[in-house]
Amino acid sequence: MTKKLYPVLVGVFLFFGVVFAMNTSQAGDAEDILKLKNEIIQKQNKSTLGVQEFLLCSKVLNYASFYPLPEDKIQRGTKLLLYYEPINWFTSVRDGRYEFYITQDVILETADGEELFNRESLLSMHYNTGKPVLDIYMTNDFGLGDLPAGKYRYIIVLHDQVSGKEFRKGIDFELVE
């Protein structure tokens, strides 16, 4: 009876040994990945606040999934839809928690620089998480009301509430009939 159980027991021990080794390897990989993410956060914290993929869109689905307008022209009576990805916001790391806090102002101007709309803190993104957040996106869905056809400039002002940094960027567009 022992001779028959021996191969089964060896098989069971080998199975659990392999599972243990896999879990140990996965835990090591997770630790290495977290270390790399923390290195990225340190680099972002030292870099300049900004944005990438600053585009007018017809549709936004998710992070890095959007349909840019072929031209910076918007039909009168519709909304402006802007997609962008903030980069290099400051992430505070304390007691295993990751916190960042970004607000965004909006300014709408005519092509001549006449201010038509100015709203502070129109958007706010405040995260305090147990895992680092490395990539985010923001959208602006802005009603243009009864503005006449013409050329305009839409400006965002990002405020990093943790570091005190600020970033401003605008996009020109034309309202058409």
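Residues numbered from 1 in each chain as written. Predicted model: local features only at pLDDT ≥ 70, side-chain atom pairs only at ≥ 80, totals over all residues. Heavy atoms only, no water.

A.B. asks: Account for the overall build of the protein, with residues named and values stated.
C.D. replies: Helix and strand counts for the protein come out as one helix and ten strands. Reading the secondary structure of the protein in the N-to-C direction produces α-β-β-β-β-β-β-β-β-β-β. Residues counted as buried form 31% of the 177 residues belonging to the protein. Contacts in the protein between residues at least 24 apart in sequence constitute 67% of all its contacts with a sequence separation of at least 6. When the accessible surface of the protein is split by element, carbon and sulfur atoms take 54% of a total near 11,400 Å². (Helix = DSSP H or I, 4+ residues; strand = E, 2+ residues; numbered from the N terminus. Buried < 20%, exposed > 50% of the residue type's maximum accessible area, 1.4 Å probe, protein only. Contact = heavy atoms within 4.5 Å. Areas by Shrake-Rupley, 256 points an atom, 1.4 Å probe, with all protein chains shown as cover.)

A.B. asks: Could you give an account of the sheet that holds strand 1 (residues 50-62), with specific residues and numbers?
C.D. replies: Pairing within the open sheet is antiparallel, and its four strands lie in the order 2-1-4-8. The outermost strands of the open sheet, each flanked by one partner alone, are strand 2 (65-68) and strand 8 (138-143). Sheet twist, expressed as the mean angle between neighbouring strand axes with direction ignored, is 50°. Inspection of the sheet shows strand 1 paired to strand 2 by four bridges, in the antiparallel sense. Note on strand 2: the bridge partner recorded for Asn 62 is Ser 65. (Pairing = 2+ DSSP bridges. Axes fitted to C-alpha atoms, helices over the stretch in contact; angles between N-to-C directions.)

A.B. asks: So what's going on with the pairing of strand 6 (residues 97-110)? Which residues, and what values?
C.D. replies: In terms of burial, strand 6 is a largely internal element, eleven of the 14 residues being buried. By the bridge criterion, three bridges tie strand 5 (residues 92-94) to strand 6 in an arrangement that is antiparallel. In the sheet register, Ser 92 faces strand 6, and the bridge partner there is Glu 99. Counting the residues in the hairpin turn of strand 5 and strand 6 gives two residues, including Asp 95, whose phi is positive at 50°. Bridge count between strand 6 and strand 7 (residues 115-129): eleven bridges; the pairing is antiparallel. The residue bridging Leu 108 from the neighbouring strand is Phe 117, located in strand 7. Between strand 6 and strand 7, which pair antiparallel one after the other, the connecting turn spans four residues, and Gly 113 there sits at a positive phi close to 95°.

A.B. asks: Could you give an account of unusual backbone geometry, naming the residues involved and the relevant values?
C.D. replies: One non-glycine residue, Ala 64, lies in the positive phi region at around 60°. Relative to the helices and strands, Ala 64 is located in the loop between strand 1 and strand 2.

A.B. asks: Provide a residue-level description of the side chain of Ser 92, including the pertinent values.
C.D. replies: The residue Ser 92 is located in strand 5 in this model. Judged by its relative accessible area of 9%, Ser 92 falls in the buried class. Only 3.0 Å separates the side chain of Ser 92 from the side chain of Arg 94, close enough to count as a polar contact. Among all residues touching Ser 92, those that are not within four sequence positions of it are Arg 97, Tyr 98, Glu 99 and Val 162. (Polar contact = N/O pair within 3.5 Å; in protein donor to acceptor, adjacent residues only side chain to side chain.)

A.B. asks: Residue-level account of the environment of Thr 129, with values.
C.D. replies: Tracing the backbone shows Thr 129 in strand 7. As a C-alpha pair, Thr 129 and Glu 99 span 30 residues in sequence and 6.5 Å in three-dimensional space. Not counting residues up to four positions away in its chain, the partners in contact with Thr 129 are Gly 96, Arg 97 and Tyr 98.

A.B. asks: Break down the nonpolar core for me, with residues and values.
C.D. replies: The biggest cluster of nonpolar side chains holds 26 residues, and the ones touching the most others in it are Leu 80, Leu 82, Leu 144, Tyr 154 and Phe 173. Among the elements of the structure, strand 1, strand 4 (79-87), strand 6, strand 8, strand 9 (150-160) and strand 10 (166-176) are those that each provide at least two residues to this core. The contact partners of Leu 144, leaving out residues within four places of it in the chain, are Ile 74, Thr 78, Leu 80, Leu 108, Phe 173 and Leu 175. (Core = buried A, V, L, I, M, F, W, Y, C linked by side-chain atoms within 4.5 Å.)

A.B. asks: Just give me the short version of the pattern of salt bridges, but keep the residues and values in it.
C.D. replies: This model, assessed by the stated rule, comprises three salt bridges. Notably, a salt bridge pairs Glu 71 with Lys 73, separated by 4.0 Å at the nearest N-O pair. You can call Glu 71 partly exposed: its relative accessible area is 48%. A salt bridge links Asp 172 to Arg 153; the shortest N-O distance between them is 2.8 Å. Of this pair, Asp 172 sits in strand 10 while Arg 153 is found in strand 9, placing the two residues 19 residues apart along the sequence. Residue classification places Asp 172 among the partly exposed residues on the basis of a relative accessible area of 46%. Taking the relative accessible area as the measure of exposure, Arg 153 reaches 28% and is therefore partly exposed. (Salt bridge = Lys/Arg side-chain N within 4 Å of Asp/Glu carboxyl O.)

Scope: geometric values only; no functional claims are made or implied.
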